[in-house]
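Okay, here's what each chain looks like letter by letter:
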Amino acid sequence: MRVAESACQFESKRGKTAVPLRSHLDVMPVHVLLEGTGPQIPAHLTRIPISLITTSTDVTDKIVKGKVVHKGPLVPLNNDSFILKMVIQEDSMLNSSSQNSSVNVVLFGSLAKNFSQSANQGVLRPVLPNPRSPPANKRRSPVSAELSSAKAPKYTYAKLDSLKAGSVVNVYGVVVFFKQPFKSRGTDFCSSLKITDHSNEKIGCTIFCEKLEDHPKIFRNGDIVRMHRVKAQVFNKSITLVNTFGFSVVTFDGVKGAPVEPRTSSRSFHFDPDDQRTVEELRSWAASQALFASVTSTVPLSAVQPKAYFDLTCQLLAKAPVDTTCTLLRVWDGTRCPHTLLKVIVEPHVTEGQLSFSKERENLIADVLVYDNHVEVARKLKPGVFLRIYNLRAIAGSSTVPGLTRSQLQVDHLAFHLHGGTSYGRGIGILPDNSPDVQELKRVIEAFQENDEEALSELNDSDLLEVWKTPPESLDGETLDCSTERSCGHDMQKVTLSEVKRSGLGRVHHVRAQLKAYEPHRLHEALKLYCSKCKSMQDVPDDELLESIFSEASKDCGPCSPPPWVLSGQVSLPRHAPGPSNRALTVYLLTQLMFEGKTKDVILLMGSTLEEMCQLMASYQNIIPVRASGGHLSLFDLSAPFLFRGRKRYYGCKRCSKAAVREQSWEGVEMIDEKIIAEALGIQPLQFILLMKLELQDATDTLDVFMWRHAESFFGVSAEDASANQEAQNSICQIMDSLCPPGGNVGQHPWLDLCLMAYQAEDDDGQTKTCYQVCHTTVVKPSSE
DNA sequence: GTTTAGGGTTGG
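Rules of the game
Residues numbered from 1 in each chain as written. Chains lettered and ligands numbered in written order. Predicted model: local features only at pLDDT ≥ 70, side-chain atom pairs only at ≥ 80, totals over all residues. Heavy atoms only, no water. Helix = DSSP H or I, 4+ residues; strand = E, 2+ residues; numbered from the N terminus. Buried < 20%, exposed > 50% of the residue type's maximum accessible area, 1.4 Å probe, protein only. Contact = heavy atoms within 4.5 Å. Areas by Shrake-Rupley, 256 points an atom, 1.4 Å probe, with all protein chains shown as cover. Phe/Tyr/Trp six-rings, centres within 6.5 Å; stacked < 30°, edge-to-face > 60°. Pairing = 2+ DSSP bridges. Core = buried A, V, L, I, M, F, W, Y, C linked by side-chain atoms within 4.5 Å. Polar contact = N/O pair within 3.5 Å; in protein donor to acceptor, adjacent residues only side chain to side chain. Patch = residues over 30% accessible without salt bridge, like charges linked within 9 Å, V, L, I, M, F, W, Y side chains within 5 Å. Salt bridge = Lys/Arg side-chain N within 4 Å of Asp/Glu carboxyl O. Lys, Arg positive; Asp, Glu negative; His and termini not counted. Charge placed at Lys NZ, Arg CZ, Asp CG, Glu CD. pLDDT = per-residue confidence, 0-100.

**Thoughts on the overall build of chain A**
- Per the secondary structure count, chain A includes 14 helices and 41 strands.
- A buried classification covers 47% of the 785 residues belonging to chain A.
- Partitioning the contacts of chain A with sequence separation of at least 6, the portion at a separation of at least 24 is 64%.
- Surface exposure of chain A reaches about 39,000 Å², of which carbon and sulfur atoms provide 50%.

What follows is the structure, given as structure tokens:
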């Protein structure tokens, strides 16, 4: 049957609604008529009994009238439209013959949507004409005044021990296990839960929904769920429930005596006194049962036991990505953990939320590392949000954690890990502000915050005393020209170096100091190669070492059978090149690139000296040094650069690379650069960095700080450029000379405004000590003074 | 009217 340009009327809770509709269109508005006004059915329509409708009936300008005995779910279609099926049954008084008294009706688009929202099963009075032909019948449709007074039908709920495979049912249950929704491999998030009821049957449920808000809002075991339209299936010889079309779920707190407040994202849902009673009965029953002798339980930080798994209800204060598989969540619950807490060091500029806290507050903050699948969930969290972290693990003892330092060791500190996966319900759940647990948490936190402020004001008094003792030139006063400026945007007071040394757990400090000394003085010693994967650092090999590697390798350039995807050839060195005249070197060209006219983009070069290699750089964009090893083409040992590109040399990490000459498709590659080549060769590239130790001085003390991560922005020069470019090198040297003039009096050195970050690191003896790094600071160029 | 997952910890 086609539903087309027509009108549909029905009674709703708000009154009578007339929905003009047009087939396949969603543009018609809904008109809500006041109670008591009659349905306005166009005069040309004629009512016919449903029993007379056949597939060959001409239903032009005909209407039917009846009660909605089935209202299907609103089903979204791909094109943002909807479809809804209903069954209309004719009033029995008009249809004494019992045959064919009902008809299936399919609604489309906004009509389906409006119908779904406004109409209840049993109270609907639709009219179904066909508008295709012009009005023919002038007879007024016999709209009856007596509307159906049938009540909305009650939902029936299946007991969990009576589920039949294949049936679609509604159920109530007490949650005995649950996982927070997690991303499935398909299109949806998946919730996994297990419920039980008076029958004591425990039934696993799997809920797939694309939207998180449509998932059951379960916060703890004992919560009560009511699910509509779940399908019983057999899996592993047990009945399980899976959501099916029209699924909806409402969750209630399982605490006996608590208000029965439904948690749901459904815009409207059925709830009557019977539901109220069911929830209360389940609560009472559950309270008398040992339903979940749970492995984990909600524990405040003050009661955390090392090695234990537990659920933590807390507030998120700040977060920071540590690496791609790990994110740091800084949380608190207002209680103090009796164990020393491990502090993870991250850079301030990647931190979201408050960067530093008073010492008192810092003692209450737990650093939680969340891994793998939880990283994506953590990404969406905003500082301030209340969380429950499920199946968190507290681990005591020395732990190596990812972070700024290469191996940061904090002995006997308690670390919190949310390991990857969802086993045992592992996950992060957001608690709504109105949940009783959050209300309770807020009370504890607010009490602390008052104390915190008192403590802070005391601290400020002592700071003031310190100020009096400090010589004026090292304080805020902006009376001095500074050669550096901060770009961090932290809003904090400057402190003296002696205060920095005393401030223990503080993370970021602003200081004004002079550069007393620094090392190394020779720039090439400050240049290092750093592996972002294994965090190792090494010196850049000097030319002497490279020359010997090349000369050693040139002895291995005997006969070699190249792979089929290269063409071997000879290349002559430029005439002015030193060394044996007319010396020709073996090169290998990549046939695929030759076909694309990019012959000179990449070549493999065999048997050259370092100097010859450099000569050839004028003619080729990328040269990969190779040698013959056992008659096969192979790469150099990674002590040497794997690639020469312009004046730059690129190195790979010996530990993290699986280097080999192998075929690679260059199709679609716009620009062949060091990254693409490293990837093609299975090389983990090393990054050039600058590393210096600076000795700072102010009126109160001296302090050694490192310049590393932020060295490039400090100097305005990239370390990679500094590795190859004389101009970049000069720039760095000139800056250091101006900040710390050779031979001068330290008192006359320029003052520097610096942002320092403190972190824990292990020294050579395995001792943990506090180190400092210059961050978010740049040199003020002379031109801008 | 499709798919996803189908509880059960070791590990940064």
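**Examining the packing of aromatic side chains**
- Going through the model one piece at a time under the given rule, you end up with 9 aromatic pairs.
- Here Phe550 and Phe644 contribute two aromatic rings whose centre-to-centre distance is 5.8 Å and whose plane-to-plane angle is 80°, an arrangement assigned as edge-to-face. Taken together, the residues Phe550 in helix H8 (residues 543-554) and Phe644 in strand S34 (residues 643-645) connect sequence positions 94 residues apart. Each member of the pair, Phe550 together with Phe644, is buried.

**Remarks on the pairing of strand S25 (residues 482-486)**
- Strand direction decides the pairing type here: S25 and strand S39 (residues 751-762), joined by 2 bridges, are parallel. When the bridges of S39 are listed, Thr484 appears paired with Leu752.
- Pairing geometry for S25 and strand S41 (residues 777-779), over 3 bridges, is antiparallel. Following the sheet pairing, Arg486 is matched in S41 by Thr777.

**Side note on the nonpolar core**
- Judged by nonpolar contacts, the single largest core of 62 residues is most densely connected at Leu515, Ile623, Leu690, Leu694 and Phe715.
- Considering every element that reaches this core, the biggest residue donor is helix H14 (residues 726-739), with 5 residues.
- Those residues in contact with Leu694 that lie beyond four places of it in its chain are Leu515, Ala517, Tyr518, Leu703, Asp704, Val705, Met707, Met736 and Val774.
- Grouped together as the second largest cluster of nonpolar side chains are 34 residues, Phe178, Leu317, Trp332 and Tyr390 included.

**Concerning the side chain of His417**
- One can find His417 in strand S23 (residues 415-418).
- Residue His417 is classed as buried on the basis of its relative accessible area, which comes to 9%.
- Polar contacts involving the side chain of His417 include one to the side chain of Tyr371, which spans 3.1 Å.

**Considerations on a negative patch on the surface**
- A grouping of Asp542, Glu544, Glu547 and Glu611 is seen on the molecular surface, where their side chains present a negatively charged patch.
- Mapped onto the fold, Glu547 is located in helix H8.

**Describing the confidence of the model for chain A**
- Across chain A, the average pLDDT comes to 76, with 71% of residues at 70 or higher.
- In this model residues 91-99 is a low-confidence stretch, pLDDT under 50, and it forms 10 contacts with partners more than four residues away in sequence or in other chains.
- This model gives residues 403-408 a pLDDT under 50, and the stretch forms 23 contacts once residues within four places in sequence are excluded.

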